[in-house]
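# Commentary on secondary and tertiary structure
Here are the chains, one letter per residue:
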Amino acid sequence: MINGNTSGLKEYILENLDKLYSIKIEKGKIINQEIVDYISEISNKINREINIAIDRSGNIIDISIGDSSTVNLPVVPVYDKKLSGVRIIHTHPGGNPHLSSVDISALIKLKLDCIVSIGVSEEGITGYEVAICSIVNDELTYDRTLLKKLDDFDYLEEIKEVEENLRKRNVTEDDKEYALLIGIDEEEYLDELQELASACDVKVVGRFFQKRSKPDPVFLIGSGKIQELALTRQVRKANLLIFDEELSGLQLKMIEEVTGCKVIDRTTLILEIFARRARTREAKLQVELAQLKYRSNRLIGFGVTMSRLGGGVGTKGPGEKKLEIDRRVIKKTIAYLNNELENIKKVRNTQRSKREDSGMPRVSLVGYTNVGKSTLRNVLVDMYQNDKTLKKEEVLSQDMLFATLDTTTRTIELKDKRIVSLTDTVGFIQKLPHDLVESFKSTLEEVIFSDLIIHVADISSKNVIEQINAVENVLKELNCLDKTKILLLNKIDNATKNNSYMLIEQKIDEIKEKYSNYQTLIISAKNRFNIDELMELIKKNLIVKTYNCKLLIPYVNTEIAARIHRNTIVKSESFVDEGIVLEVVMNEKEYNKFKNFILN
């Protein structure tokens, strides 16, 4: 029986393929050349992959037909201390003989004896690639070889050694992702790309950079360089290629075909981090919306990575179950997510309007990712919490990109007794995907409605100016550039460790000159350096109408006197027969609340 995608195929093709089951493969051979020639000819004619599974006795146990880039594998027994005893031989219509990332994943996950790809085109067979399992440092990995003839490879000798090692050692499956980073813009962007990869637990094994003024529409780095990249990938044993530029669906597909490797771009990596870090329902919906918007126009490029065994970077979140996913379904899902986010937005607007009604000033922390916003937020809430009876809730503050995804708002108390709402927002990044900004706009509205924006920057970073510019660009997109802003140069403790004071002063002067529209303050949130000065700056920038009043509180209303002490600045207090006389400074909200007690 022929399995898989047999629809539309002529009966004689299926009958001829079915006859292959009766052929026994000679011991020591991977497969008979006559079978290879026949399935290659048919595969090219129908433009579909043909897959043959053979056991160690030489019996063909399964024949399947797929589509132009994927095919289903048969059920294969997986053992702990030995290989499965099954080898897989399949065609690649289109002429690419390289094994794909899915092929390699199947080899390791199923512990196949070997897996072989046959490149087929109009001209005939373009080549073969064979991969077998190997063991390095007690981890199951693979070796791959390009062949001109299949008879040149003695696979039995190779698997004998692997099985001996499997029996003797406690071998673990190496399912880590090893990445090559590829860029064409500025080489320093690859430093940040490496941090992004580390945030996804991906080990970077090398970099591949080529300065180009204009990206190649098919391979991004050009047809010559892509061959060089394919070779570098094999030498470094990378199983993931991460491009710093956004790739089109065609580029994804073509690069995967030539390199035989899983390919993702910077945007996919950022979306992956967001998907892993999202905690609240709103953040999860926002990430899913951004992913679907981004992927809907790139479905052509997910042929190799979509059906992979075992996931990895780029598969977190909604994903796609098959290449033929209906764009109408995606459209419907996007509409549903927009509707859900709109409902959440209404709740957020209600909460915001309550804060507005209370007259509470609003302060937002913004900045590049991993500059210390959440650390600063935790310090301010700890030092200036307005209600000491509340349990302190800290947001995650770690030395990693995008530690905070979920916007949090807490209140702090200024020295003039005013209560201020403090909002910690998601960090920005250079080349922040537009779909992500769009999806998170409802969250970022907290910034739009702020009375004061505190822009936190990492003075210890060599790219601090570029990072400030990246945040400015997002603020421009949100129409927030005209708001009152404070620029905090954080992590001064780190900066002084590795640089001379003269260099740091030069950098600070350069920043102050370049961003003269900001009020600038140097701080260390970690060491709580200059935090009091920051609070003074916040107080100075939150202009409020104040009233100097003298109040008389009858002794029967002493609880009101206590409330006035908590919420206003009391300049003097005296006791008379009628009650307590208080001379106070208060804001408009408190004035309206206590005006009945004012002495004329």
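Per chain, residue numbering runs from 1 following the sequence as it is written. Where local features are concerned, this predicted model is filtered to residues with pLDDT of at least 70; where side-chain atom pairs are given and counted, the filter is 80 or more; whole-chain, interface and lining totals use all residues. Hydrogen atoms and water are omitted, and side-chain values are computed over all heavy atoms in the structure.

## Observations regarding the packing of aromatic side chains
Stacked, tilted and edge-to-face are the three classes applied to pairs of Phe, Tyr and Trp rings, where Trp contributes its six-membered ring and a pair requires centres within 6.5 Å; stacked means planes under 30 degrees apart, edge-to-face means over 60, and tilted covers the rest. If you walk through the whole model with that rule in mind, you get two aromatic pairs. Pairing Tyr-515 with Tyr-518 gives two aromatic rings, centres 6.4 Å apart and planes at 75°, and the pair type is edge-to-face. Here's how the labels work: a residue is buried when its accessible area is under 20% of the maximum for its type, exposed when over 50%, partly exposed in between, all with a 1.4 Å probe on protein chains only. What makes Tyr-518 buried here is its relative accessible area of 5%. Judged by centre distance (4.1 Å) and plane angle (15°), the rings of Tyr-547 and Tyr-591 are stacked. Here Tyr-591 lies in helix H19 (residues 588–594) and Tyr-547 lies in strand E19 (residues 546–554), a separation of 44 residues in the sequence. Taking the relative accessible area as the measure of exposure, Tyr-591 reaches 24% and is therefore partly exposed. Charge over a ring is defined by NZ of Lys or CZ of Arg lying within 6 Å of the ring centre and within 35 degrees of the ring normal. Sitting over the face of the ring of Tyr-79, Lys-82 holds its NZ or CZ atom 4.5 Å from the ring centroid. Secondary structure elements follow DSSP: runs of H or I of four or more residues count as helices, runs of E of two or more count as strands, with numbering from the N terminus.

## Overview of the UniProt feature "coiled-coil region" (unreviewed entry) in the protein
UniProt positions are given in the numbering used here, feature names are shortened, and annotations may be inferred rather than shown by experiment. Listed under "coiled-coil region" (unreviewed entry) in the UniProt record, and renumbered for this structure, are residues 501–528. Counted over residues 501–528, helix gives 50% and strand 14%. Its end C-alpha atoms are 20 Å apart.

## Describing the environment of Glu-588
Counting through the fold element by element, Glu-588 comes out in helix H19. When its relative accessible area of 40% is taken as the criterion, Glu-588 is described as partly exposed.

## Here's the deal with unusual backbone geometry
Even without a glycine there, the phi angle at Leu-220 is positive, about 65°. Along the chain, the position of Leu-220 falls in the loop between strand E10 (203–209) and helix H6 (223–236). The phi torsion at Lys-491 lies on the positive side, around 65°, for a residue other than glycine. Among the secondary structure elements, Lys-491 is positioned in the loop between strand E17 (485–490) and helix H15 (492–498).

## Some details on the sheet that holds strand E20 (residues 569–576)
Note: two strands are recorded as paired if DSSP finds a minimum of 2 bridges between them. Pairing within the open sheet is antiparallel, and its three strands lie in the order E19-E21-E20. Here the strands that pair on one side only, and so sit at the sheet edges, are E19 and E20. When strand polarity is set aside, the average angle formed by the axes of neighbouring strands in this sheet is 20°. Strand direction decides the pairing type here: E19 and strand E21 (residues 579–587), joined by nine bridges, are antiparallel. Considered in E21, the bridge of Leu-552 is made with Val-581. Pairs of residues are marked as contacts when any of their non-hydrogen atoms sit within 4.5 Å. What counts as an axis is a line fitted to C-alpha atoms, over the stretch in contact for a helix, and the angles between N-to-C directions run from 0 to 180 degrees. The strands that helix H18 (residues 558–567) touches are E19, E20 and E21; relative to E21, the one it contacts most, it runs at about 35°.

## Description of the pairing of strand E7 (residues 139–147)
The side chains of a regular strand alternate, residue by residue, between the two faces of the sheet. Where strand E6 (residues 124–136) lies against E7, nine bridges are found, and the strand directions are antiparallel. Each residue of the ladder has a partner; that of Cys-133, found in E7, is Tyr-142. Between E6 and E7, which pair antiparallel in sequence order, lie two residues; one of them, Asn-137, sits at a positive phi of approximately 50°.

## A few points about the sheet that holds strand E12 (residues 262–265)
Consider a sheet: its strands pair through backbone hydrogen bonds, and that pairing is either parallel or antiparallel. An order of E10-E9-E11-E12 is seen for the four strands of this open sheet, with the pairing classed as parallel. Looking at which strands have only one partner, the edges of the open sheet turn out to be E10 and E12. Between one strand and the next, the sheet's axes are offset by a mean angle of 25°, whatever the strand orientation. As judged from the four bridges shared by strand E11 (residues 240–243) and E12, these two strands associate in the parallel manner. Its bridge partner being in E12, Leu-240 is matched across the sheet by Lys-262.

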